Amino acid sequence: QALELALREALEQKQLQLHYQPQVRLGDSRLYGVEALARWHHPQLGDVSPARFVPLAEECGLVMELGHWALHEACRQLAEWRRRGLAIPAVSVNLSPKNFHHLGLPRLIADILRQHGLSPTDLTLEMTESVLMDGSPETLSTISALHEQGVRLSIDDFGTGYSSLGYLHRLPVDELKLDKRFVHDLDNDEAARALTHAIIRIGESLHLTVVAEGVESETQRCFLAKSGCQVAQGYLFARPMPVEALERWMTTTL
Ligand code: G
Ligand code: G
Ligand code: NA
Ligand code: MN
C-alpha cells in the first residue's frame, strides 16, 4: 500500500521519466525508431524498476494514468526533437493489456497526435501477445480503430506467449519483436537459431517488420542480418538512455 500511494504521487508529481533505446536498421545501420521505457526515481526509495511498478499499476487501477502519461510524454518529446531538427523516425510506447480494452484509446491517441502535430505513423504501440489472445470485442474494436487511424501496432516479446499463431493474420499488426531470450541463446542453442529463423520467415510472409530485442553481440547481429531480420535493438547499439544521452548518442554514433 505504501508503494501504491507513492506511485500515485509519482504520477501526479512527475517523478516518472521516459528513457529511450534506439532501434537500428540492420541493412544500412540507420535509425528505425526509439522505444520509450518508463523509469521511476523515488526521492527516498531510489530507483524502482518498471518490472515492479508496472504490475503494481495494473493491480491498483493506475494503469490508465500510466499509459496516458507515457503516450503524452513520448509524443511531446518526439515533437520537440522534430522541432529541433533531430531525425527520429518514430517512437514506440509500451501499453498494458487493459489500455487496449479501453474504447476511448483511439480517440485519446488521435487527440495527443493532433496536439503535437504528429502523424499516426510516428507512433508504434507495443502490446504483449496476451492482448491479442484476450479476444474481447472491446480489444478487437480498439485495435482495428488504431490500425485504421494509421498507428503502428507491435507485438512485444513475440514467441514467448501463448503459441496460437492464428491471430497474426486476423489482426492488423505491423511489427513483431523477437523476444530477447531467443537472441540471448543464438550463440549456443541450435533450437534458438531455428526458431529465430522461423519467426523471421513468418514476419516476411505476413509483411511484418521483425525487430530483434536484446542484441548484445556482433555474432548475434550477424546471424540476425543474414537471416533477414530488418531491425535490432540492444546493448550492442545502446542502452535505454535519458533524453540528453540519446541526443549525444545520435550525434556521435549515427
Ligand atoms: O526497461 P526494463 O527492461 O527495465 O523494463 C521492464 C519491463 O517493464 C518490460 O517488460 C517493459 O516492457 C516494461 N515497461 C517499461 N516501460 C513501460 C511502460 O511505460 N508501460 C508499460 N506498460 N510497461 C513498461
Ligand atoms: O518487455 P520489453 O521488451 O519492453 O522490455 C525491454 C527490456 O529489455 C527493458 O527493460 C530494457 O532495459 C531491456 N533491454 C534492452 N536491451 C537489452 C539488452 O541488450 N540485453 C538485455 N539483457 N536487456 C535489454
Ligand atoms: Na517493449
Ligand atoms: Mn520485449
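As annotated in an unreviewed UniProt entry, the protein chain carries the name EAL domain-containing protein and comes from Crenobacter oryzisoli.

Turning our attention to the overall build of the protein chain. On a plain count of helices and strands, the protein chain comes out with 12 helices and 9 strands. Against the 2.2 N^0.38 benchmark of 18 Å for 254 residues, the protein chain shows a C-alpha radius of gyration of 18 Å, consistent with a compact globule. Along the first, second and third principal axes, the C-alpha set of the protein chain runs to 45 × 45 × 35 Å. Expressed as a percentage of the 254 residues in the protein chain, the buried residues total 36%. Counting contacts in the protein chain only where the partners sit at least 6 residues apart, residues at least 24 apart contribute 66% of the total.

For ligand 1, the full set of nearby residues is Leu-37, Ala-38, Ser-49, Pro-50, Ala-51, Val-54, Leu-66, Ala-70, Asn-94, Leu-95, Ser-96 and Pro-240. Among the elements that line the shell around ligand 1, the one with the most residues is helix α2 (residues 50-59), at 3 residues. Looking at the shell around ligand 1, its residues break down into 9 nonpolar, 3 polar and no charged.

The local shell around ligand 2 holds 13 residues, among which Gly-214, Glu-216, Gly-234, Tyr-235 and Pro-240 are the closest. Grouping the constituent residues of the shell around ligand 2 by class yields 4 nonpolar, 4 polar and 5 charged.

Of all hydrophobic cores here, the largest spans 59 residues; its most connected members are Ala-74, Val-93, Leu-178, Val-210 and Ala-212. With 7 residues, the top contributor of residues to this core is helix α3 (residues 63-83). Setting aside residues no more than four positions away along its own chain, Val-210 makes contact with Leu-176, Leu-178, Ile-199, Ile-200, Gly-203, Cys-229 and Gln-230.

Procedures and definitions
Residues numbered from 1 in each chain as written. Chains lettered and ligands numbered in written order. Predicted model: local features only at pLDDT ≥ 70, side-chain atom pairs only at ≥ 80, totals over all residues. Helix = DSSP H or I, 4+ residues; strand = E, 2+ residues; numbered from the N terminus. Rg over C-alpha atoms; globule rule 2.2 N^0.38 Å. Buried ≥ 20, exposed ≤ 12 C-beta atoms within 10 Å, placed from the backbone. Contact = placed C-beta atoms within 7 Å. Near = placed C-beta within 6 Å. Nonpolar A, V, L, I, M, F, W, Y, C, P; charged D, E, K, R; others polar. Core = buried A, V, L, I, M, F, W, Y, C linked by C-beta atoms within 7 Å.

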